[in-house]
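Here is how the chains run, residue by residue.
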Amino acid sequence: MEYENDSRRNQQDKNKEGVLDLLLKRPLRWLRMLIEELHWSFFFGVIIVYGVSQGLGKGLSKVSTQYYLKDEQMVQPSQAQVYVGLIQIPWIIKPVWGLLTDVVPILGYRRRPYFIFAGVLAMVAMMVLSLHKNLHLALALSSLVAASAGVAIADVTIDACVTQCSISHPSLAADMQSLCGMSSSIGSLVGFSLSGVLVHWFGAKGVYGLLGMTSGLIVVVGLLLKESPSRSLDRKHVNEKFLDAGSAIWKTFQYGEVWRPCLFMLLSASVSLHIHEGMFYWYTGAKDGPNFSKEAVGSIMSFGAIGSLVGILLYQNFLKNFPFRNVVFWALSISVLSGFLDLILVLRINLKLGVPDYFFIVVDEFVSHMISRIKWLPLLVLSSKLCPAGMEGTFFALLMSIEHVGHLVSSWGGGVLLHALKVTRTQFDNLWLVIVIRSLLRVIPIGLVFLIPNVDPNSTILPAEMLMNRRNEAVIETKKIEMTALISNEA
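Residues numbered from 1 in each chain as written. Predicted model: local features only at pLDDT ≥ 70, side-chain atom pairs only at ≥ 80, totals over all residues. Heavy atoms only, no water.

A. Expanded view of the overall build of the protein. Along the backbone of the protein there are 20 helices and zero strands. Scored against the burial criterion, the 491 residues of the protein give a buried share of 54%. Put simply, of all contacts in the protein between residues at least 6 apart along the chain, 86% involve residues at least 24 apart. Accessible surface for the protein amounts to roughly 22100 Å². Of this, 65% is attributable to carbon and sulfur atoms. (Helix = DSSP H or I, 4+ residues; strand = E, 2+ residues; numbered from the N terminus. Buried < 20%, exposed > 50% of the residue type's maximum accessible area, 1.4 Å probe, protein only. Contact = heavy atoms within 4.5 Å. Areas by Shrake-Rupley, 256 points an atom, 1.4 Å probe, with all protein chains shown as cover.)

Next comes the structure, spelled out in structure tokens:
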């Protein structure tokens, strides 16, 4: 009897150790491995740009901007949907920022000055929104676009660093994308969790002031990043660099393995219409809707961030070695079904089934973000493997801008659909039809998955000669960065 009790206790102890290892020790070993294999300043940059600027900033700015447009500027949901797309335009021209970081060094550096400029730009734009009273809609949108540009420039600069490390450490490519996604998701979780409370306490403009202060951390990244100086070029050589960049990009796009997944990203994003603003106006202002408070809206979106984080963990632990095409296919298939959850909510079927609005929309938000992240991560890993030598920032930014063009089309398309079916601040009779059309359009990308290479993340995609050049250049640059850090530390 005592032997059985001891065996049971030993088994319980082993189970506890197993859970502790899964939740704490294994993630810490993984983070320590990344810091040792890469450079600590790179790790710090990823945490600040993805975790604070994009993650926390996204959580705070999304809720504050929704209430700012709804309550301060008094716009219709269809207009708000179009304006949200307009704010994303700086992300569409990411190749411009990427090209500048790759071929136009400032004071001898290709990354650090762009981080500093991005942080200053975002700070100024957010402070204008926060401190200016009765700001005209055009000026408000200009400030929001400028702040978005600051975040986009920081994003493309850290993307160049991530892509460079993916080339020099190909076995860590998926791990780095998981680190980026996890930082963004944790930051979003914190941001969304606090957003409703902060908007309620300080108003949307007060939150903009807080975002202006957090943008200063991007400046810190620019000051701390260890980077070896690059030789400054005169105008003639800069022009030659631009021409060489254009030639390299054109040559890379001639490979079917490159242009086909790009076409998929564009088409799949374009037909997945965004109707978020219509849903936001419905569940905060409709007479027969849930009428959620600001705090409830923020907490609901925080569950979306949790779903995104779960999606990253699922991909990192179970899906990262599967072929890209298979993962995207199943994620798209589930996404079609999850789209109809909004229909159940708007038609109030959930209440007839005895399911409260808050619980139902939390589940909807969690599932949709989890599936979206699982769908997007393999495309990110694939994109990091398609960049030509010396043009990592530019080409990766070009690939991401293609996806942002699709999102712009989907956002404006959603705005047009809301306007055409007469969904306004007070009229939501046709919102159910908008949801049905949006959900059915999600079927189209499933028929396009053949455009994605049917290979796993460990396979080579580009020709061997291009990969050899990229690895050699990346290894040399990485050694220079590490040597600069050693010299600086010794000094």
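Read on, since the account is not over.
B. Broad picture of the side chain of Glu-365. Residue position: Glu-365 is located in helix H17 (residues 357-384). We note that Glu-365 is buried and unpaired, the nearest opposite charge coming from Lys-62 at a distance of 5.4 Å. Setting aside its immediate chain neighbours within four residues, Glu-365 contacts Ile-300, Met-301 and Gly-304. (Lys, Arg positive; Asp, Glu negative; His and termini not counted. Salt bridge = Lys/Arg side-chain N within 4 Å of Asp/Glu carboxyl O.)

C. How the structure looks around the confidence of the model for the protein. This prediction gives the protein a mean pLDDT of 82; 85% of its residues lie at or above 70. Per-residue pLDDT, averaged within each element of the protein, yields its smallest value for helix H20 (residues 464-490) (40) and its largest for helix H19 (residues 431-441) (95). Scored below 50 in pLDDT, residues 469-491 shows 36 contacts in the model against residues more than four places distant or in partner chains. (pLDDT = per-residue confidence, 0-100.)

D. Representation of helix H8 (residues 173-214). Taking 1.5 Å of rise per residue, the 42 residues of H8 would be expected to cover 62 Å, yet its terminal C-alpha atoms sit only 28 Å apart, more than 12% below that figure. At Phe-202, H8 shows its maximal kink, close to 110°. (Expected span 1.5 Å × (residues − 1). Bend = angle between axes of the 7 residues up to and from the residue.)

E. Up close: the packing of helix H13 (residues 294-319) against H17. H17 packs onto H13 with a crossing angle of 40° between their chain directions and a minimal axis gap of 7 Å. Taken together, H13 and H17 sit at an angle that is classed as oblique. In the packing of H13 onto H17, the handedness of the crossing is right-handed. The class makeup of the residues in the contact of H13 with H17 is 19 nonpolar, six polar and two charged. (Axes fitted to C-alpha atoms, helices over the stretch in contact; angles between N-to-C directions. Parallel < 35°, antiparallel > 145°, perpendicular 65-115°, else oblique. Left-handed = near helix turned anticlockwise from the far one by under 90°. Nonpolar A, V, L, I, M, F, W, Y, C, P; charged D, E, K, R; others polar.)

F. Quick peek at unusual backbone geometry. Backbone geometry at Asn-134 places phi at a positive 50°, although glycine is not the residue there. Looking at where Asn-134 falls in the secondary structure, it is placed in the loop between helix H6 (112-131) and helix H7 (137-168). Unlike most non-glycine residues, Arg-348 shows phi in positive territory, near 65°. Among the residues examined, Arg-348 registers a relative accessible area of 14% and is labelled buried.

G. Examining the packing of aromatic side chains more closely. Summed over the entire model, instances satisfying the criterion amount to eight aromatic pairs. Taking the centre distance of 6.2 Å and the plane angle of 80° together, the rings of Phe-292 and Tyr-358 count as edge-to-face. In this pair, Phe-292 is assigned in the loop between helix H12 (276-285) and H13 and Tyr-358 in helix H17, connecting sequence segments 66 residues apart. Residue class for Tyr-358 comes out partly exposed when judged on its relative accessible area of 33%. Site record: aromatic cluster; members linked through ring pairs are Tyr-67, Phe-280, Tyr-281, Tyr-283, Phe-292 and Tyr-358. For the cation-ring pair, Arg-112 lies above Tyr-109, with the distance from its terminal atom to the ring centre recorded as 4.9 Å. A cation over a ring is seen here: Arg-260 above Trp-259, with NZ or CZ 5.6 Å from the ring centre. (Phe/Tyr/Trp six-rings, centres within 6.5 Å; stacked < 30°, edge-to-face > 60°. Lys NZ or Arg CZ within 6 Å of the ring centre and 35° of its normal.)

H. A look at the pattern of salt bridges. For the structure shown, the criterion picks out three salt bridges. Close ionic contact of Lys-70 with Asp-71 constitutes a salt bridge, the shortest N to O distance being 3.6 Å. Its relative accessible area of 36% is what places Asp-71 among the partly exposed residues. Between Asp-357 and Arg-348 there is a salt bridge; the shortest N-O distance is 2.6 Å. Looking at Asp-357, the relative accessible area reads 12%, which means it is buried.

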